[in-house]
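Here's the letter readout for the chains.
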Amino acid sequence: MNKFVSTTRQRELILGLGIICLPFFLYLSYGALFFFYFIIGFRYLSLSKKPANPPRRILLLLTIAGGIIVWLQANGILGKTSGASLLLVGTCLKFLEVKTKRDLYIIISLALLLVLTQFLFSQAIFMALYLFFALTIICALLLGLHVELEVFPFVQRLRKSAFIIFQSLPLALLLFLFSPRITGPLWSLPEEKPALTGLGDKLEPGSITQLGLSSELAFRVNFVTAPPPQNQLYWRGPVFWWTDGKHWEMRNLPNLDLEHAPVFYQGTAVDYSIVLEPHGQKWLLALDLPQMIPADSHLTLDFQLLSNANVLNRRLYALRSYPVYAQKTLTSFERRLGLQLPANQLDLLYPLVTHWRVGHTDPEVIALALAYFRNNHFFYTLNPPLLLHHPIEQFLLETRRGFCEHYATAFVVLMRLAEIPARVVTGYQGGQWNELGKFLEIRQSDAHAWAEVWLEDQGWVRIDPTAAIAPERIEKPFDAASINIESLNTPTWQKEVSVLWSKSLRIFWANLDHGWHRWVLSYDRDSRARLLQWFDAAFSWHWLLGLIAAVLMCCIPFLFLYGRDFFNHHDPVQRYYLWYCRKLADLGLPRRPCEGPLDYSQRASMARPDLAAKISDITRLYVLLRYGSVFDRNLTKMLRFHVSQL
Amino acid sequence: MTGFWSKFIPKRQPRLDKHPFVLGLHNVYVLPGRWGISFVVLVFLLSIISTNYNNNLGFLLTFLLTVLGLASAIHGQRNLAGLSLTPGKVDAVFLGEPLAYPLQLENASFSARYAITAITSNGDKYAVAQAVPHSITPILLYAIPSRRGRHSIGTLVVESRYPFGLFRLWTRFTFAWHGLVYPAPAPDSKPLPISSDEQGAGAGNVAGDDDLTGFRRYQTGDPIKHLHWKSYAKGRGLHTRIYLQGSPKFLWVDFNMADEADVEAKISRLCRWVLDAEHMGIDYGLRLPGLEIAPHRGASHLEACLTALALLTITR
């Protein structure tokens with residue numbers, strides 16, 4: 001084996017990579033990871049044996065085994081999960097055939113790829129810290145390939161690497177801000193839908209007996225204009241039309257042409273931007289009714305704002321909505337859908353509705369229906385009883401316990417029975433205001449469902465039957481943390497943590513996290529264009545940048561070559577000696593200009609016999625370091641120690 | 001001098017008659033090596049992945065690596081800057097022995113310098129793992145000369161791939177730095193051309209094998225035939241037997257006395273005689289075409305004679 005590829009170097013690489021790959025435990029299935037750690041652990045232990053490299057056929061067997069593990073665990077070979085697993089397997093197998101320096105370079109390259117792969121799984125703040133941590137380790141390993149390990153121990157190399165990274169950071173940030181960006185993806189990615197809680201594309205209220213309200217983040221909103229009052233914050237998501245009495249389904253409606261829309265915007269506009277967490281579906285949450293929408297999205301006739309592609313990455317978009325709007329005409333298609341009812345299921349409800357219908361206008365019917373909810377002991381609960389047959393009848397006439405989806409669907413059915421077109425809208429309601437960062441935070445526990453009815457001359461009008469039962473649900477949103485405690489499917493430790501976390505800390509963290517998403521992770525081509533525009537407006541930035549570059553170019557070589565002497569113009573030995581002179585001067589023994597160190601020490605010792613031993617030590621060390629041929633860091637430290645003890 | 005880039009770098013180097021040679025911005029080349037180019041490809045790959053996934057942390061990593069790579073060139077430059085190289089005194093050797101050129105690498109700064117390699121023109125590498133602060137590290141560069149006379153080590157390269165190996169930093173320089181190569185002494189022993197009178201040219205008495213006068217420690221150039229193997233076998237070290245007949249005042253070692261046909265062989269023979277005469281403690285003079293050194297004895301006389309032999313040129 002090549003002398004260069006020494007056991008120590010390889011062990012160092014193994015340990016370094018072992019540490020770097022630890023975060024994969026959060027994202028990958030354990031098969032490939034255990035394979036990885038098993039192989040590198042084996043390699044670590046077998047390095048001292050000869051021959052260190054296993055024969056080719058063993059290597060082939062291991063490769064096949066690794067491939068099978070990846071295949072089984074990652075379900076296929078496309079996608080980032082299997083890609084990362086493959087990379088892990090490949091990296092650990094590479095360790096088994098290290099022969100030359102080039103192999104070590106390949107391992108370093110693989111390590112960098114592995115670091116990048118982890119960012120595909122998470123870009124949270126701690127991953128940014130991890131970036132610097134991992135990069136420091138990799139640089140220290142790379143540095144170790146070019147120096148003798150004995151003269152440059154690992155800890156020193158870590159320090160050196162951290163120093164170089166720190167120096168590189170400003171320029172890297174400038175590149176991050178100003179380098180031209182291409183908006184990805186460059187090729188279509190295999191879609192991996194995140195298994196997230198969120199709004200569903202189906203509604204089936206009766207089959208849920210326990211609503212899992214997670215406190216996971218749904219999206220965050222920054223308002224440019226004044227935010228609307230809390231009870232106006234209805235974030236529209238999927239809209240449901242068709243029902244068989246149990247399930248509710250969406251319908252694909254044509255797009256709404258914003259230019260020639262049969263919609264009249266009124267009142268004041270609300271400008272805001274949303275950082276939406278990925279949910280794997282197309283809908284972009286928005287306040288009613290958006291007027292300005294992102295370029296890669298469209299508005300459907302039932303006012304859903306849909307992205308052209310599924311939202312697989314966190315995205316930032318800006319919107320302008322008008323809370324007050326009117327629609328004049330109802331298409332026949334919409335009317336038909338809005339009056340659709342399941343057959344043979346609602347016989348018991350007919351008498352009730354026919355009773356209301358007689359001699360009342362549409363608004364009066366609505367008021368009667370809401371009054372029905374209010375006056376008949378309906379309860380709002382997150383743990384409703386199971387409704388198997390004719391769930392709507394059962395809910396309205398027997399159990400009378402449910403959450404927003406029960407109320408919204410039941411209300412819509414009642415309206416349709418009364419010949420009023422109606423639909424169910426799901427989305428989020430309210431949100432928690434973060435005073436520190438001035439933004440609104442909407443969590444999954446803010447998910448909500450409400451109804452919309454068609455009134456002549458007014459268009460679609462939002463009616464929230466839940467508000468009739470539990471107005472506090474609308475006026476004041478639930479505290480996500482308190483819901484978390486109630487809900488049963490959260491692990492115990494998480495509950496305890498959420499109790500322990502004080503509210504202000506949580507708000508601070510939310511603020512930090514939001515800033516991270518909004519300013520760092522959402523930085524893209526458009527942000528860059530805006531930044532450059534701002535620069536253009538603020539200065540003649542070409543000149544500015546040119547000037548900065550010129551100054552830097554002139555300064556950097558000098559700083560590097562002479563900076564040390566410039567900033568440190570006394571060598572440490574001289575500095576400590578001067579310190580000692582100052583100390584003696586404070587004791588009334590200033591050094592005379594004509595005195596050498598030895599004369600001075602003699603005179604000082606005579607004057608202060610109690611300090612004679614220390615003075616002689618310091619002087620001996622100083623003379624040795626200053627005039628002798630020795631240079632030793634430990635001696636310098638000793639000098640400093642003695643002086644400090646004087 | 002190795003490497004892809006060497007094709008594009010002019011070979012012409014100023015001879016440095018003034019030392020020391022101080023490394024700095026103006027005389028160190030910085031160019032990426034093979035790993036440096038691979039690194040560029042790697043960073044490009046990382047940037048493509050980051051673009052494809054719109055991954056901003058990936059971009060940060062990519063840009064950090066880019067700048068890190070560039071910064072490593074500056075750190076490499078700093079690692080070499082300020083080091084000074086001084087040629088040391090070269091001891092003369094006989095042809096066939098390696099010449100040692102002591103190159104003094106001085107680090108007068110407060111920071112240690114790492115991974116510095118000196119490369120001679122024949123491709124030999126001499127690595128210095130660390131030059132500690134305020135130190136002089138001697139590097140012995142060896143060359144095996146093929147001819148007698150003045151030998152030059154030629155152009156030297158000092159290179160380093162510190163810190164990350166992405167860049168090769170090197171400097172080329174040529175000192176006016178020579179080593180003297182004496183001719184190889186003829187291996188077999190022909191008797192010394194001893195003459196009893198001043199004019200006695202060629203009529204010298206021959207030292208017989210039985211006229212043993214004593215022993216002394218083996219010195220380079222002693223004929224193998226005269227080695228005292230018995231004492232060597234007893235573990236007392238290598239000794240040479242000394243023979244002498246009569247006690248001449250001095251002898252002339254004359255170019256024309258050597259009867260070898262080839263000029264170099266003649267010179268080797270003369271070298272042998274000069275050494276033998278010195279070892280025996282006889283005054284000897286050297287007569288060469290166009291040069292005569294008066295008979296004398298001692299280290300400086302020997303050196304003068306050997307130097308004359310080393311630098312002898314015969315023109316026909």
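Everything numeric in this text was worked out from a predicted model, so none of it was measured. (Residues numbered from 1 in each chain as written. Chains lettered and ligands numbered in written order. Predicted model: local features only at pLDDT ≥ 70, side-chain atom pairs only at ≥ 80, totals over all residues. Heavy atoms only, no water.)

### Some words on the overall build of chain B
- Secondary structure summary: chain B contains 5 helices and 18 strands in total.
- When the 316 residues of chain B are sorted by exposure, 53% land in the buried category.
- Nonlocal contacts in chain B, meaning residues at least 24 apart in sequence, comprise 66% of its contacts between residues at least 6 apart.
- Carbon and sulfur atoms make up 57% of the accessible area of chain B, which amounts to about 15000 Å² in all. (Helix = DSSP H or I, 4+ residues; strand = E, 2+ residues; numbered from the N terminus. Buried < 20%, exposed > 50% of the residue type's maximum accessible area, 1.4 Å probe, protein only. Contact = heavy atoms within 4.5 Å. Areas by Shrake-Rupley, 256 points an atom, 1.4 Å probe, with all protein chains shown as cover.)

### As for the environment of Leu15 of chain A
- Mapped onto the elements of the fold, Leu15 of chain A is located in helix H1 (residues 7–20).
- Considered as a pair, Leu15 of chain A and Gly41 of chain A are 26 residues apart in the sequence and their alpha carbons are 9.0 Å apart.

### A closer look at the interface of chain B and chain A
- With 44 residues of chain B at the interface, the matching set in chain A holds 63 residues.
- Both sides together, the interface formed by chain B and chain A hides about 5000 Å², and carbon and sulfur atoms give 76% of it.
- Looking only at chain B, the three residues that lose the most surface to chain A are Asn52, Tyr53 and Leu57 of chain B, adding up to 14% of its buried area.
- Inspection of the chain B/chain A interface yields 0 salt bridges.
- Taken together, the connections running from chain B to chain A amount to 7 residue pairs in polar contact (both at pLDDT 80 or more).
- The set of elements that each furnish at least two residues to the side of chain B that touches chain A consists of helix H1 (34–52), helix H2 (56–80), strand E7 (113–119) and strand E8 (125–131) of chain B.
- By residue number, the principal contributor to the side of chain B that touches chain A is H2 of chain B, which donates 16 residues. (Buried area = accessible area lost by both parts, 1.4 Å probe. Salt bridge = Lys/Arg side-chain N within 4 Å of Asp/Glu carboxyl O. Polar contact = N/O pair within 3.5 Å; in protein donor to acceptor, adjacent residues only side chain to side chain.)

### Points about the sheet that holds strand E4 (residues 242–243) of chain A
Residues and elements named next belong to chain A.
- Spatially, E1-E5-E4 is the arrangement adopted by the 3 strands of the open sheet, whose pairing is antiparallel. One side of each edge strand has no neighbouring strand; the edge strands of this open sheet are strand E1 (202–203) and E4.
- Where E1 meets strand E5 (residues 248–249), 2 bridges bridge the pair, whose relative direction is antiparallel. Opposite Leu203, over in E5, you have Trp248 as the bridge partner. (Pairing = 2+ DSSP bridges.)

### Considerations on the state of the cysteines
Residue and element names in this part refer to chain A.
- All told, the structure shown has 0 disulfides over all chains when counted by the stated rule.
- Residue Cys92 stays outside any disulfide, its sulfur separated by 9.4 Å from that of Cys21, the closest cysteine.
- Residue Cys92 is classed as buried on the basis of its relative accessible area, which comes to 0%. (Disulfide = S-S within 2.5 Å.)

### Considerations on unusual backbone geometry
- The amide bond that connects Asp288 of chain A to the next residue, Leu289 of chain A, takes the cis arrangement and shows omega of -10°.
- Take Leu289 of chain A: it is sitting in the loop between strand E8 (286–287) and strand E9 (290–292).
- With an omega of 0°, the peptide bond running from Tyr162 of chain B to Pro163 of chain B counts as cis.
- Despite not being glycine, Phe303 of chain A has its phi angle at roughly 65°, a positive value.
- In this fold, Phe303 of chain A is placed in the loop between strand E10 (297–299) and strand E11 (305–307).

### Regarding a nonpolar patch on the surface
Residue and element names in this part refer to chain A.
- On the surface, Leu60, Ile64, Ile68, Trp71 and Leu72 cluster together into a nonpolar patch covering about 560 Å² of accessible area.
- Relative to the helices and strands, Ile64 resides in helix H3 (residues 56–74).
- Judged by its relative accessible area of 47%, Ile64 falls in the partly exposed class. (Patch = residues over 30% accessible without salt bridge, like charges linked within 9 Å, V, L, I, M, F, W, Y side chains within 5 Å.)

### Some remarks on empty space enclosed by the protein
Residue and element names in this part refer to chain B.
- Overall, the coordinates contain 4 cavities of 30 Å³ or more when judged by the stated rule.
- By volume, the largest cavity is sized at about 90 Å³.
- In terms of residue count, strand E15 (residues 239–243) provides more of the lining of the largest cavity than any other element does, 4 residues in total. (1 Å grid on protein atoms, 1.4 Å probe; cavity = no way out; pocket = protein on both sides within 12 Å on 5 of 7 lines; lining within 4 Å. Points joined across faces, edges and corners; volume = space filled by probe spheres on them.)

### Section: the pattern of salt bridges
Residue and element names in this part refer to chain A.
- The full count for this structure, using the stated rule, is 27 salt bridges over all chains.
- Of the charged contacts, one joins Arg462 and Asp288 as a salt bridge, the two residues approaching to 3.5 Å between their closest N and O atoms. Linking Arg462 in strand E20 (residues 459–463) with Asp288 in the loop between E8 and E9, this pair joins segments that are 174 residues apart in sequence.
- When its relative accessible area of 27% is taken as the criterion, Arg462 is described as partly exposed.
- Overlapping salt bridges, with partners in common, bring together Arg236, Asp288, Glu334, Arg423, Glu452 and Arg462 in one network.

### Overview of the packing of aromatic side chains
- Counted by the stated rule, this structure contains 41 aromatic pairs over all chains.
- Both rings, one in Tyr30 of chain A and one in Phe34 of chain A, keep their centres 5.8 Å apart while their planes meet at 75°; by these two values the pair is edge-to-face. Here Phe34 of chain A and Tyr30 of chain A lie together in helix H2 (residues 30–46), a separation of 4 residues that amounts to about one turn.
- Plain terms: the ring middles of Tyr580 of chain A and Tyr600 of chain A are 6.2 Å apart, the flat faces sit at 70° to each other, and that makes the pair edge-to-face. One end of the pair, Tyr580 of chain A, is in helix H20 (residues 572–586); the other, Tyr600 of chain A, is in helix H21 (residues 597–607), and 20 residues separate them in sequence. Each member of the pair Tyr580 of chain A and Tyr600 of chain A is classed as buried.
- A cation over an aromatic ring shows up here: Lys80 of chain A above the ring of Phe121 of chain A, its NZ or CZ 5.6 Å from the ring centre.
- Above the face of the Trp170 of chain B ring, Arg168 of chain B is positioned so that its terminal group lies 4.3 Å from the ring centre. (Phe/Tyr/Trp six-rings, centres within 6.5 Å; stacked < 30°, edge-to-face > 60°. Lys NZ or Arg CZ within 6 Å of the ring centre and 35° of its normal.)

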